[in-house]
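# Summary of structural features
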Amino acid sequence: MSATLEPRQVEKPFWKRWLRMSWQLLVRSPVRFGVVVALLGAVDTCAVNLAYGFVIPRLWVERLGMLLLPALFAIVCGVARGADEAGQPWGVLREFVHLRFWVKSLVAGAALVVFDWVVFQALLFSPDPSAHALYSQKPGALLTSFLSKAILVNWVLGICYAPLTVFWPELSFVETQKLSQSASSVNNTWLIARFIIAVMLAGIPLTLIPSYGITEAALLVFLGILSYVAYRDIFERRDENLPVKVAARTAITAPVST
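Now for a description of the structure that goes with this document. (Residues numbered from 1 in each chain as written. Predicted model: local features only at pLDDT ≥ 70, side-chain atom pairs only at ≥ 80, totals over all residues. Heavy atoms only, no water.)

Each helix and strand in the chain was counted, giving 12 helices and zero strands. In the chain, the succession of helices and strands from N to C terminus is α-α-α-α-α-α-α-α-α-α-α-α. Relative to its 258 residues, the chain shows a buried fraction of 48%. Partitioning the contacts of the chain with sequence separation of at least 6, the portion at a separation of at least 24 is 86%. Carbon and sulfur atoms form 70% of the exposed surface of the chain, whose accessible area is close to 13100 Å². (Helix = DSSP H or I, 4+ residues; strand = E, 2+ residues; numbered from the N terminus. Buried < 20%, exposed > 50% of the residue type's maximum accessible area, 1.4 Å probe, protein only. Contact = heavy atoms within 4.5 Å. Areas by Shrake-Rupley, 256 points an atom, 1.4 Å probe, with all protein chains shown as cover.)

By the element assignment, Lys 104 lies in helix α5 (residues 99-123). At 2.7 Å, the side chain of Lys 104 forms a polar contact with the backbone oxygen of Leu 171. Apart from the residues within four sequence positions on either side, Lys 104 is in contact with Tyr 161, Thr 165, Trp 168, Pro 169, Leu 171, Ser 172, Phe 173 and Thr 176. (Polar contact = N/O pair within 3.5 Å; in protein donor to acceptor, adjacent residues only side chain to side chain.)

Attention now moves to the nonpolar core. Trp 18, Ile 196, Leu 223 and Phe 235 are the most contacted members of the largest nonpolar core, which totals 67 residues. Of the residues forming this core, the biggest block, 14 residues, is contributed by helix α11 (residues 214-235). When sequence neighbours within four positions are dropped, the list of residues in contact with Trp 18 reads Val 10, Ile 159, Phe 195, Leu 226, Val 229, Ala 230, Asp 233 and Ile 234. (Core = buried A, V, L, I, M, F, W, Y, C linked by side-chain atoms within 4.5 Å.)

Our next topic: the packing of helix α10 (residues 189-207) against α11. Close contact between α10 and α11 brings their axes to 10 Å; oriented N to C, the two are set at 160°. The orientation of α10 relative to α11 falls into the category roughly antiparallel. Both α10 and α11 take part in a crossing whose hand is right-handed. Taken together, the residues of α11 that come into contact with α10 (itself represented by Phe 195, Ile 196, Val 199, Met 200, Gly 203, Leu 206 and Thr 207) are Thr 215, Glu 216, Leu 219, Phe 222, Leu 223 and Leu 226. Taken together, the residues that form the contact of α10 with α11 break down as nine nonpolar, three polar and one charged. (Axes fitted to C-alpha atoms, helices over the stretch in contact; angles between N-to-C directions. Parallel < 35°, antiparallel > 145°, perpendicular 65-115°, else oblique. Left-handed = near helix turned anticlockwise from the far one by under 90°. Nonpolar A, V, L, I, M, F, W, Y, C, P; charged D, E, K, R; others polar.)

Keep in mind these numbers describe shape, not what the thing actually does.
This is how it looks when you write it as structure tokens:
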């Protein structure tokens, strides 16, 4: 395992820096991230149409979200790399067609489902009014269910799991999860968890505006960008985005893979 994969303790307060860098990347490449947001919105709309007339437990929808969230965040991290380093996007995006990426992402999602199931079973010993709630089949409901479980990705897998999956595909699920958890532990897992929860809570008022799932999709994308920025700061020792001119020069001089 390469020594460059040793996580470092970043300078605090990191949350201001990570928010600023994530926002800068989002603004730098609105079209790239906008395509991801639009695709998620389209998935939500299709889910509403397909579920019409069916009675679906909300728990099933939430667990579907947990299964797919690691892959979603990994894809967003790949897009974020392209926004940060203009010469990198195509090499990174090719990783998404490999079976190993999907296997590792879905194994991680399955681990989240198992963790949630264990916690859910523990809660069955006390009254839980939401245990038998139904999927509302309203625009945004699918992505809201996904968003409600986003904290589990950072808690169970660690904040750097998704980018490690993309940028170090040769690592196994266990190696990736251990490295990600180590990165979170070195930088205070509880502090990172509170930070992610605060970002999600800050976005709740925006989700009250009718947007057909677009707001929820944008929040999911922003959380994915945060994961990339955290990985880059902790593992690549780079606490700032590349300047736009440098990123563009990288794209011009980047060698063409054969």
